[in-house]
Number of protein chains: 2
Amino acid sequence: MKPLAIGLDYGTESARALLLELETGRELEVAVAPYPHGVLSRCLPSGKPLPPAWALHHPADYLEVTQILLTQMAQAARKHTGEVVALGLDTTASSPLPTDGEGTPLALKEAFREEPHAYLKLWKHHAAEPYAQAINQAQPGFLRMYGGKTSAEWSLAKAWEVLEQAPSVWEATSRWIEVGDWLVWQLTGNEVRSACQAGYKAHRQPEGYPSPEALRALCPGLEGWLNRLAPPRPVGYQAGGLTSRWAQACGLRPGLPVSTAVIDAHAALPGVGVVEPGAMVAILGTSSCHLTLSSQAVPVAGVAGVVPDGIWPGFFGYECGQPASGDMLAWWVRTLAWASSSDEAPLFTRLNHALKQQAGPSGLVVLDWWNGCRTPLMNARLKGMVKGLDLATDPPRLYQALVEASAMGTRLVRETLEKATGPLPRVVLTGGLSRVEAIVQLYADVLGSVVEVATTPQASARGAALYGARAANFELPPAPALRIFEPRGWPYEASYAEYLELVDYFGRSQEGGDHPTQNASAPRP
Amino acid sequence: MKPLAIGLDYGTESARALLLELETGRELEVAVAPYPHGVLSRCLPSGKPLPPAWALHHPADYLEVTQILLTQMAQAARKHTGEVVALGLDTTASSPLPTDGEGTPLALKEAFREEPHAYLKLWKHHAAEPYAQAINQAQPGFLRMYGGKTSAEWSLAKAWEVLEQAPSVWEATSRWIEVGDWLVWQLTGNEVRSACQAGYKAHRQPEGYPSPEALRALCPGLEGWLNRLAPPRPVGYQAGGLTSRWAQACGLRPGLPVSTAVIDAHAALPGVGVVEPGAMVAILGTSSCHLTLSSQAVPVAGVAGVVPDGIWPGFFGYECGQPASGDMLAWWVRTLAWASSSDEAPLFTRLNHALKQQAGPSGLVVLDWWNGCRTPLMNARLKGMVKGLDLATDPPRLYQALVEASAMGTRLVRETLEKATGPLPRVVLTGGLSRVEAIVQLYADVLGSVVEVATTPQASARGAALYGARAANFELPPAPALRIFEPRGWPYEASYAEYLELVDYFGRSQEGGDHPTQNASAPRP
């Protein structure tokens, strides 16, 4: 029987499963299941309205889609006459939920059904922004490996939000847990946290989580967050075996090794075959995330997180980001569709087609800060800039300039990372935008170096399966095929130099920047 | 019989005539006549093709529309039981044509009918650009009162173009004359040039036209330009009386006093009632032109021309400009119409309507350099810039920001002019954009001062009639009514300060700027 691994990939709107043949690396089956309740952003299932900037998930949805997907994968394994030998999973993050001591979500208890703070707070729940700001202004030492910044999307700001706004929920919260870790707990019966989630979303470093003193200084009582966490294990670590209940319900074997959870973006690294230093993987989606592995931990301004064993065991994982990539292109399409309320999809096609016809640089220089700047300036209040407009600038030219700006941002991220990790000769692209050839080609041109593109559209789910394989002590299959794009030698050096100058000028001059300042006192939100 | 004056206003696509009652200032009649051949930009009337950037007029068209319009005005005068006592005219400029010694255009002679260089070169004929660049690089002393710059649109560059590209035409050219001066010659039989055309378009200063030495240094033979010109007379000066032939053909009285010609924009000053210092008049159209009167001549960087008796007799006339105002708004509308090829006019209406609903500044800062910067930087190669974009920036917001940028440019022009003229407490707006209330209101807000708006849409034609009245020694009628717009107190000081900073930053840093440099040698085009 061929050994097979299942990778589960939990996104924002749906979850998917992948069945991977471990000897060959062939992807045998893919299945998708949407969350029955979707994203709760306007009201609870009962109709109780939510304030703006809220985004919740119903914890029960995860159990439902998991059972559907695992059942399908078990059936597919039988069809392919293989044996499922490993299970791994990745999820969005930080997407924490409060549970009791047995791991039962408070949202599933009668007493808390009408309490919004009892639900799973999705990564894009942004209502904790004032708490993030208060933490950043206080500049506690635990931000050192995070470019001096936490985010409203992360675990601590969301925990503080519950503590302050729903003390009774916080009181009843025995465990404050990322949905990925909670799923591992559900599947194995063991509460085993992941170094990935803990390190990138809860400021956990080798010396531990933030100290009780540092948390108490932010807000008396906030140190109680620590009692609700647990020390993490490396990614690719065997958290336990599948419980008989799950095994029976889905048609899998009890005791099937289950790996610790991983964040979806991070799972893309093994998914595209990167399990050692020297390659930067950029996941180009709505926003972009840049990840690499290194043997050393060097704090560099603008790197959003350096976490041991957080991406692949045995290495420090580095994370950087651009908060608007596809989002910026979608903004332009939305702008162009404004006059006529025309469909946006054909406009994308038309612009990408025009991009393919271009014969040289746009001549414009753009700062890609439509949603602030993460790496290297860590300033959410920065805004986008376009320079070089004239009466002949047409929509395809500006579209090209926006793509170039995303690529320049990625080039700057690479150079920023290299200060910590040394040379990164390989650049691997994945994510939605990487499926558009003209965009990838322009990245190669702007970066002035070869870029490689994942051919699997399931890089994260594939990665999840590989964490499972590693946890079960199976050898990894051969790396998946990558497509190579060579730069066309277009002259981008002068405009990249100008981009850097403008990053410096506008990054520095911008008022109200929230770049870390030392010794600031901690205002309460 | 009520004394009436006729004002003739020759534009790019058509000419118009206005009949003005001199005692009251009432505008009795307006008539419009399009040029039969329109703008010749692709080919001559014979079909002979023209190179790109060419724009010609057929000289015969001017005679034809003049006869039509004067005949209509004579009839209208009889209808209103008045007597036409004065005639004045304004035209586009620099729009020169070559004629023989009697004023017959070469284009009307059989031998030159197929010779493009024999036609009237319209102001927007841009093929003389290399000659303008060569002049600017040489930095001759005669550019001192012109911010160190000539333009491809002006007389000298266009003359050099003929000299070099069509020597036989140049040889046959006895007079090189602005269309306005040529029309005066046709109407009166006297070749009388205008200080306005000569000063603003042929670098004529009190000490004379550029010296033969300076011209020879640019190109041997170019000093021959001077023999083809003539010393000018002030605006509002009686050039002569209407010839019997014209009088008979149109039903006017022979000997009717005809004033020297004026440039159309400049004619707007008396047209809106400004005939003394203290007011800046901005003509807001495709581009914007800013004019004011002063008793002193002070050269200031970025002022495109300082000319004695060039706008109103007895004063120095100052001219500044923004090369893209309405053009920049039209660019945005064109961009928004791109996706759907939708009509542009309703989009303007929709954007102007949204502008009226806005309740505060856009929050963006824009450099309005879509067609280069005239005042104060005199650099045609500068490009537009937009700063402050984010995912929530919608088309109306950017439209507002573009209008704000035009207004900030106008505020900077006012401050630049004030360095030479002293305080300019009044700002009067006219031209196409001044008919949109929401735009005018935003100008008042950004300028932080009251602005006045001409209620007549015929400011230039009205001005032309008033130059005629002055030439005929009639008293001017009362100034026309102006609408007052008070600033709403919106907070624009910080963004204007940022605008100035960015003007400085991008104006300075821009490579390839053609800002005057001293002692450069004169490369040949």
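What counts and what doesn't
Residues numbered from 1 in each chain as written. Chains lettered and ligands numbered in written order. Predicted model: local features only at pLDDT ≥ 70, side-chain atom pairs only at ≥ 80, totals over all residues. Heavy atoms only, no water. Contact = heavy atoms within 4.5 Å. Buried area = accessible area lost by both parts, 1.4 Å probe. Salt bridge = Lys/Arg side-chain N within 4 Å of Asp/Glu carboxyl O. Polar contact = N/O pair within 3.5 Å; in protein donor to acceptor, adjacent residues only side chain to side chain. Helix = DSSP H or I, 4+ residues; strand = E, 2+ residues; numbered from the N terminus. Nonpolar A, V, L, I, M, F, W, Y, C, P; charged D, E, K, R; others polar. Pairing = 2+ DSSP bridges. Least-squares fit on C-alpha atoms with pLDDT ≥ 70 in both. Buried < 20%, exposed > 50% of the residue type's maximum accessible area, 1.4 Å probe, protein only.

(A) A look at the interface of chain A and chain B. The interface is formed by 34 residues belonging to chain A together with 34 residues belonging to chain B. Between chain A and chain B, roughly 3300 Å² of surface is buried when both sides are summed, and carbon and sulfur atoms account for 64% of that area. Between the two partners, chain A and chain B, sit two salt bridges. On inspection of chain A and its partner chain B, the count reaches 17 residue pairs in polar contact (both at pLDDT 80 or more). For the side of chain A that touches chain B, the secondary-structure elements that each account for two or more residues are helix H11 (326-337), helix H12 (344-357), strand S19 (384-389), helix H13 (395-421) and helix H16 (493-509) of chain A. For the side of chain A that touches chain B, the element with the most residues is H11 of chain A, which contributes seven residues. Split by residue class, the side of chain A that touches chain B holds 19 nonpolar, eight polar and seven charged. Two strands pair when backbone bridges link them, and S19 of chain A and strand S19 (residues 384-389) of chain B are joined in this way by five bridges, in the antiparallel orientation. Across the sheet, the residue bridging to Met-385 of chain A is Lys-387 of chain B, located in S19 of chain B.

(B) How the structure looks around the relation of the copies chain A and chain B. The operation relating chain A to chain B is a screw motion whose rotation component is 180 degrees, with 0.0 Å of axial translation and a residual RMSD of 0.0 Å. As the rotation angle and translation indicate, the two copies are arranged about a two-fold axis. A share of 100% of interface residues in chain A that are also interface residues in chain B marks the association as one of identical surfaces.

(C) Region of interest: helix H14 (residues 437-447) of chain A. Residue and element names in this part refer to chain A. When you tally the buried positions in H14, you get 10 out of 11 residues, the bulk of the element. Regarding H14, the residues found buried are Ala-438, Ile-439, Val-440, Gln-441, Leu-442, Tyr-443, Ala-444, Asp-445, Val-446 and Leu-447. Phi for Gly-448, located one or two positions after H14, is positive at around 65 degrees.

(D) Up close: the pattern of salt bridges. Here the structure, examined in full by the defined rule, presents 40 salt bridges over all chains. With its nearest N and O atoms 3.0 Å apart, the salt bridge here joins Glu-110 of chain B to Arg-113 of chain B. Note on Glu-110 of chain B: relative accessible area 59%, which makes it exposed. By relative accessible area, which is 38% here, Arg-113 of chain B ends up partly exposed. In this structure, Glu-493 of chain B and Arg-411 of chain B form a salt bridge, with 2.9 Å as the shortest nitrogen-oxygen distance. Of this pair, Glu-493 of chain B sits in helix H16 (residues 493-509) while Arg-411 of chain B sits in helix H13 (residues 395-421), and the two are 82 residues apart along the sequence. Classification of Arg-411 of chain B as buried rests on a relative accessible area of 10%. Salt bridges sharing common partners tie together Lys-2, Glu-21 and Arg-26 of chain A.

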